[in-house]
Amino acid sequence: MIRILVVDDQTMIRVGIRAILDSQDDMTVVGEAENGRAGVEKYRTLRPDVVLMDVRMPVLDGLAATAELLGPSRVEGHEPKVLMLTTFDLDDYIYEALRAGASGFLLKDSEPEELLHAVRVVAAGEALLAPSVTRRLIENFVAARPRPPSGSTALNGLTDREREVLRLIALGLSNAEIAAGLFIAEQTTKTHVSRILQKLGLRDRVQAVVFGYESGLVTPGANR
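Residues numbered from 1 in each chain as written. Predicted model: local features only at pLDDT ≥ 70, side-chain atom pairs only at ≥ 80, totals over all residues. Heavy atoms only, no water.

Asker: Would you mind showing me how to read the sheet that holds strand 3 (residues 50-54) here?
Answerer: Strand pairing in a sheet takes place through backbone hydrogen bonds and is either antiparallel or parallel in direction. The strand order 2-1-3-4-5 describes an open sheet built from five strands, whose pairing is parallel. A strand with exactly one partner marks an edge of an open sheet, and here the two such strands are strand 2 (27-33) and strand 5 (104-107). Pairwise comparison of adjacent strand axes, ignoring direction, gives a mean angle of 25 degrees for this sheet. Set on the sheet, helix 1 (residues 11-22) makes contact with strand 1 (2-7), strand 2, strand 3 and strand 4 (81-86); between it and strand 2 the angle comes to about 165 degrees. (Pairing = 2+ DSSP bridges. Helix = DSSP H or I, 4+ residues; strand = E, 2+ residues; numbered from the N terminus. Axes fitted to C-alpha atoms, helices over the stretch in contact; angles between N-to-C directions. Contact = heavy atoms within 4.5 Å.)

This is the structure we're talking about:
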């Protein structure tokens, strides 16, 4: 059973999401919160598997709340999967949320089936990485706010093959696509991905995409 906490300042949104999730045999909403501060407090009490987090809220916004849940002050031995709820006009917030460790994001006008799929994906420990949307979001942010490349020292700890796999992850390719492009087995690709995440201290593919751009390994507009 996937235990879920819904954090959103709009009552109708919370009620609607709860109705959709509670209709499933493998999901249950264990709590709701109307702002980020209340969300953090309820998380520490309820220990849900997945937190659906709105971005803009009073008292404490979703970005700051996500940083608390997944940062140094997180609950020891339990790390939630945070799925951000957003609209397209909040790219800056979502980019920072992905950097903070959120497992992905979902548009508030998504279909119920998309919400259910998203919850199951992140609950299973996978990143909700929609390559076209995520890559465009990150490229737009990086292009609009260029910063000196970081992480070059960490890149030195990767093998040439691992660097290539990381570059392809950052371009939004799946394991199957990476395997086909590099003429290697998909299981080998999975092994490379696991080692990359471990060496760089990254939680999932979303953070790998962010790292790929911020390190300068991939630049906005790059092709395969």
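After that view of the structure, there is still more to cover.
Asker: What am I meant to see in a negative patch on the surface here?
Answerer: A cluster of acidic residues, D109, E111, E113 and E114, forms a negative patch at the surface. Its location among the elements puts E113 in helix 5 (residues 112-123). (Patch = residues over 30% accessible without salt bridge, like charges linked within 9 Å, V, L, I, M, F, W, Y side chains within 5 Å. Areas by Shrake-Rupley, 256 points an atom, 1.4 Å probe, with all protein chains shown as cover. Salt bridge = Lys/Arg side-chain N within 4 Å of Asp/Glu carboxyl O. Lys, Arg positive; Asp, Glu negative; His and termini not counted. Charge placed at Lys NZ, Arg CZ, Asp CG, Glu CD.)

Asker: Is there a simple way to explain the nonpolar core in this structure?
Answerer: Side chains of nonpolar character tend, in soluble globular proteins, to be buried together. Counting 24 residues, the largest nonpolar core has V7, V51, M53, L69, V82 and M84 as its most contacted members. Elements represented by at least two residues in this core include exactly strand 1, helix 2 (36-46), strand 3, helix 3 (62-70), strand 4, helix 4 (91-100) and helix 11 (205-214). Residues within four places of V82 in sequence aside, it is in contact with V51, M53, T66, L69, L70, A102, S103 and G104. (Core = buried A, V, L, I, M, F, W, Y, C linked by side-chain atoms within 4.5 Å. Buried < 20%, exposed > 50% of the residue type's maximum accessible area, 1.4 Å probe, protein only.)

Asker: In this structure, what is going on with the pairing of strand 2? I would like to understand it.
Answerer: Remark: a regular strand shows side chains that alternate across the two faces of the sheet. Most of strand 2 sits inside the fold, with five of its seven residues counted as buried. Looking at chain direction, strand 1 and strand 2 are connected through six bridges and run parallel. Within strand 2, the position partnered with V6 by the bridge is E32. Between the parallel pair strand 1 and strand 2, the chain is carried across by helix 1, and the sense of this crossover is right-handed. (Right-handed = clockwise from strand over helix to strand, strands pointing away.)

Asker: Please explain helix 10 (residues 186-200) as it appears in this structure.
Answerer: Since the α-helix turns once every 3.6 residues, residues separated by three or four places project in the same direction. Its 15 residues place the ends of helix 10 21 Å apart at the C-alpha level, agreeing with the 21 Å of an ideal helix rising 1.5 Å per residue. Listed in full, the buried residues belonging to helix 10 are T189, H192, V193, I196, L197 and L200. Along the axis of helix 10, the buried residues cluster in a sector spanning 130 degrees; they form a single face. Summarising the geometry of helix 10, the exposed residues directed more than 90 degrees from the buried face are Q187 and Q198. Count one or two residues on from helix 10 and you reach G201, which has phi positive near 70 degrees. (Expected span 1.5 Å × (residues − 1). Arc of directions from axis to C-beta.)

Asker: Looking at this model, I keep getting lost on the packing of helix 1 against helix 5. Mind explaining?
Answerer: What describes two packed helices is the angle between their axes and the distance between those same axes. Two elements in contact, helix 1 and helix 5, have axes separated by 10 Å at closest approach and are oriented at 70 degrees. By the criterion of interaxial angle, the relationship of helix 1 to helix 5 is roughly perpendicular. Considering only the axes of helix 1 and helix 5, their crossing is right-handed. Of helix 5, the residues touching helix 1 (which contributes I17, I20 and L21) are P112, L115, L116 and V119. (Parallel < 35°, antiparallel > 145°, perpendicular 65-115°, else oblique. Left-handed = near helix turned anticlockwise from the far one by under 90°.)

Asker: Is there a simple way to think about the pattern of salt bridges in this case?
Answerer: Oppositely charged side chains can pair when the atoms bearing their charge come close. Applying the stated rule across the entire model yields 10 salt bridges. Where K108 meets D54, a salt bridge forms, and the shortest distance between an N and an O atom there is 3.1 Å. Of this pair, K108 sits in the loop between strand 5 and helix 5 while D54 is found in strand 3, placing the two residues 54 residues apart along the sequence. Since its relative accessible area comes to 30%, K108 is described here as partly exposed. Judged by its relative accessible area of 5%, D54 falls in the buried class.

Asker: Whenever I open this one, the environment of A170 confuses me. Can you help?
Answerer: When you line up the elements, A170 lands in helix 8 (residues 160-170). Given a relative accessible area of 0%, A170 falls into the buried group. Here the alpha-carbon distance between A170 and G212, two residues 42 residues apart in the chain, equals 5.5 Å.

Asker: Sorry, what's going on with the packing of helix 8 against helix 10 here?
Answerer: Taken N-terminus to C-terminus, the directions of helix 8 and helix 10 make an angle of 95 degrees; their axes are 10 Å apart at the nearest point. Between helix 8 and helix 10, the angle is such that the two are roughly perpendicular. Between helix 8 and helix 10, the residues in contact are R161, E162, V165, L166 and I169 and H192, V193, R195, I196, K199 and L200, respectively. In terms of residue class, the contact of helix 8 with helix 10 is built from six nonpolar, one polar and four charged. (Nonpolar A, V, L, I, M, F, W, Y, C, P; charged D, E, K, R; others polar.)

Asker: What's the story with unusual backbone geometry in this structure? I'm lost.
Answerer: With glycine set apart, most residues show a phi of negative sign, and most peptide bonds adopt trans. Positive phi, close to 70 degrees, is recorded for V59, a residue that is not glycine. Checked against the element boundaries, V59 lands in the loop between strand 3 and helix 3. Notably, F183 is not glycine yet its phi reads approximately 60 degrees, a positive angle. Position of F183 among the secondary structure elements: in the loop between helix 9 (175-182) and helix 10. The exposure class of F183 is exposed, given its relative accessible area of 76%.

Spatial relationships are all this shows, so hold off on functional conclusions.
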